[in-house]
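Spelled out from the first residue to the last, the chains are:
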Amino acid sequence: MKGDYQDLVDEISALLGAPATLENRDFRLIAFGAHDGDDDAAMDPVRTRSILTRQSTAAVRSWFEGFGIARATGPVRIPAAPDAGVVRGRLCLPVRYRGIVQGYVWLLDPESGPDAGPGPQALTAAMEVADRMGVLLAEEAKAGADLSREFRAALTADRGWQRDMALSALRTALGPDGDGLHAVVCVTPWAGEAPGSVPGAAAVCVVPWPWPGGGDGTGPDPADRGAPDRAAAVRGAAGRAASGRGASASVPGAAGRDAAGRRGTSGRTADHPGGRTDARPGGRPVAGTGGSDGVDGDPGPGQAALAVLVRLRSADSVTPVEALAARLLPRPETPAGPRAATAGVAEPRRGLVSLGDAWAEAAAAARAAAAQPRLGQVARWSAIGPYRLLASLTAGRAQDPSTRVLLGAAHRELARTAEVFLDCAGQAGRAAAALGIHRQTLYYRLGRVEQLTGLDLDEGEDRLLLHMSLKAARLD
């Protein structure tokens, strides 16, 4: 479908002798014509922003809509408005279907006079192409709207026969597309209804967030959820602390490991929990987390996520899906609650049998993007590393009692130190350099970590528990 839009945009660009752009009625970019030649004026700030960010600002949208483009049935000329960032006038071709506007084609309007620019015959031909665009947009919007109920049911139905029936209904509604290649996208938090048109989408819906399901339905029932008994872990940690296995034991071991030069992973400092106010208790909560019930926590009433089932031509190229997810992120001018929205992209799958797994991957990737700034606002499940496992844990279970004090707001710097040290595979020299501190300062902080947690950083399993707890804290 994307190729069809591009062909039609290129046809209008050729008819009118200027690069055109196509946006849907929400002013989100669908396709744009190539800019050939040496005329830099053809790339004014508004067109550049539309292409780079896939959307227009609220000020630009307000200026354009003020000229009645949503009601117009023919070309509309719009003057420049420097205060709104529109430094060049525009020629707008409304894209309609059965009297309802579906989108807009935009071209820069020549500035050499009212008679300049394309003639009546060229404009008439261009409007005929715009009508063909309207048919495609309307069909796509109708398909997505018609399937929203089935798609939502397939994502939220209880496991067992109810989910099987919901998947069967969605497969029937999709027809041949039901057995095709798809990728699932999750955008959260999402405010309002689903967008009227998402190019390339087979189905779109808004679902409650957190998602109450559990991947393929093999996880625990909601009634079985709750904090597990960790009495043995607590007793073991307390025993080690009482027997003197603590701060002093870890320091020489850490130094010895560094001297031995064991292989480790690269250390990072800028994006560790202690350095972010939204990743620690007492700071700003991360999207879709923060409670104790449900696979993604309890973010509070009235929150939702946007789910999109995207058609794919090849499993080797998911870049178009990531670009679509980026276009769906709410504009800065459209607040979506106190947190910035993020998007997750699941791995491609053929058919709908594993739709629950795909949605779980997309939701986990969106949560990871909110927790880890280095992932960006759009994250693919295959690229989120340890969060692939941690995001599948029920919120509240990932925080072990032994690390609860360390993860408090009063010990952010110690938590950050511990995470950098563990990310550096326990190599004290690398960790101290990454943190910008002296080794002795590092050893002192690690000793304090052991005192607070009762964990022994010379023990591999204790290190694993602490590392997982620190990473999981970003999701809580």
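Please refer to the structure higher up on the page.
In this report, the structure presented in the accompanying data block is examined. (Residues numbered from 1 in each chain as written. Predicted model: local features only at pLDDT ≥ 70, side-chain atom pairs only at ≥ 80, totals over all residues. Heavy atoms only, no water.)

Quick look at the pattern of salt bridges
And step 1. For the coordinates displayed, the defined rule picks out eight salt bridges.
And step 2. Close ionic contact of R380 with E347 constitutes a salt bridge, the shortest N to O distance being 2.8 Å. Of this pair, R380 sits in strand 11 (residues 378-380) while E347 is found in the loop between strand 9 (342-345) and strand 10 (349-350), placing the two residues 33 residues apart along the sequence.
And step 3. The partly exposed category is assigned to R380, whose relative accessible area is 22%.
And step 4. A salt bridge links E413 to R445; the shortest N-O distance between them is 3.4 Å. With E413 in helix 11 (residues 412-423) and R445 in helix 13 (residues 439-453), this residue pair connects regions lying 32 residues apart in the sequence.
And step 5. By relative accessible area, R445 is classed as buried at 17%.
And step 6. Within the structure, one salt-bridge network assembled from shared partners comprises E413, R416 and R445. (Salt bridge = Lys/Arg side-chain N within 4 Å of Asp/Glu carboxyl O. Helix = DSSP H or I, 4+ residues; strand = E, 2+ residues; numbered from the N terminus. Buried < 20%, exposed > 50% of the residue type's maximum accessible area, 1.4 Å probe, protein only.)

A closer look at helix 11
And step 1. Between its first and last C-alpha, helix 11 extends 16 Å over twelve residues, near the 16 Å set by a 1.5 Å rise per residue.
And step 2. For helix 11, the tally of buried residues reaches ten of twelve residues, placing the bulk of the element in the interior.
And step 3. Inspection of helix 11 places L414, A415, R416, T417, A418, E419, V420, F421, L422 and D423 among the buried residues, and these make up the whole buried set. (Expected span 1.5 Å × (residues − 1).)

Let's talk about the nonpolar core
Most often, soluble globular proteins have nonpolar side chains that are buried together.
And step 1. Of all hydrophobic cores here, the largest spans 27 residues; its most connected members are F151, L155, V184, C186, L309, L355 and W359.
And step 2. Considering every element that reaches this core, the biggest residue donor is helix 9 (residues 355-371), with six residues.
And step 3. Beyond its immediate sequence surroundings of up to four residues, L355 is in contact with F151, A154, L155, L167, L170, V184 and L309. (Core = buried A, V, L, I, M, F, W, Y, C linked by side-chain atoms within 4.5 Å. Contact = heavy atoms within 4.5 Å.)

Examining the packing of aromatic side chains
And step 1. If you walk through the whole model with that rule in mind, you get five aromatic pairs.
And step 2. Ring centres of F27 and W106 lie 6.2 Å apart, and the angle between their planes is 35°; on these two criteria the pair is classed as tilted. Residue F27 is found in the loop between strand 1 (21-24) and strand 2 (29-32), and its partner W106 is found in strand 5 (residues 100-108); the two are separated by 79 residues along the sequence.
And step 3. Overall, W106 belongs to the buried group, its relative accessible area being 5%.
And step 4. Each member of the aromatic cluster is reached from another via a ring pair, and the members are F27, F64, Y104 and W106. (Phe/Tyr/Trp six-rings, centres within 6.5 Å; stacked < 30°, edge-to-face > 60°.)

Some thoughts on the packing of helix 11 against helix 14 (residues 460-473)
And step 1. At a minimum axis distance of 10 Å, the contact between helix 11 and helix 14 shows a crossing angle of 120°. Here helix 11 is positioned oblique relative to helix 14, judged by the angle of their axes. Note on packing geometry: the crossing formed by helix 11 with helix 14 is left-handed. Residues A415, A418, E419, F421, L422 and D423 of helix 11 form the contact with helix 14, whose own contacting residues are R463, L466, H467, L470 and K471.
And step 2. Classifying every residue of the contact of helix 11 with helix 14 gives six nonpolar, one polar and four charged. (Axes fitted to C-alpha atoms, helices over the stretch in contact; angles between N-to-C directions. Parallel < 35°, antiparallel > 145°, perpendicular 65-115°, else oblique. Left-handed = near helix turned anticlockwise from the far one by under 90°. Nonpolar A, V, L, I, M, F, W, Y, C, P; charged D, E, K, R; others polar.)

Here we look at the pairing of strand 4 (residues 90-97)
And step 1. The element strand 4 is largely enclosed, with a buried count of seven among its eight residues.
And step 2. Across three bridges, strand 3 (residues 76-78) lies against strand 4 in antiparallel orientation. By the bridge assignment, R77 is partnered in strand 4 with L91.
And step 3. The antiparallel pairing of strand 4 with strand 5 creates a hairpin that spans two residues between the two strands, and R98 there sits at a positive phi of about 50°. (Pairing = 2+ DSSP bridges.)

What about unusual backbone geometry?
And step 1. Here the bond from T188 into P189 is cis, since omega is -10°, no more than 30 degrees from zero.
And step 2. Within the element layout of this structure, P189 appears in the loop between strand 6 (181-188) and strand 7 (201-208).
And step 3. Residues other than glycine seldom take positive phi values, yet R98 does so here, at roughly 50°.
And step 4. Here R98 is to be found in the loop between strand 4 and strand 5.
And step 5. The exposure class of R98 is exposed, given its relative accessible area of 75%.
And step 6. Backbone geometry places A425, a non-glycine residue, at a positive phi of 60°.
And step 7. You can see A425 is positioned in the loop between helix 11 and helix 12 (428-435).

A word on the packing of helix 12 against helix 13
For any two helices packed against each other, the geometry is given by the interaxial angle and the distance between the axes.
And step 1. Here helix 12 crosses helix 13 at 100°, and the two axes come no closer than 9 Å. By the angle between their axes, helix 12 is roughly perpendicular relative to helix 13. Across from A428, G429, A431, A432 and L435 in helix 12, the residues of helix 13 making contact are R439, L442 and Y443.
And step 2. The class makeup of the residues in the contact of helix 12 with helix 13 is six nonpolar, one polar and one charged.

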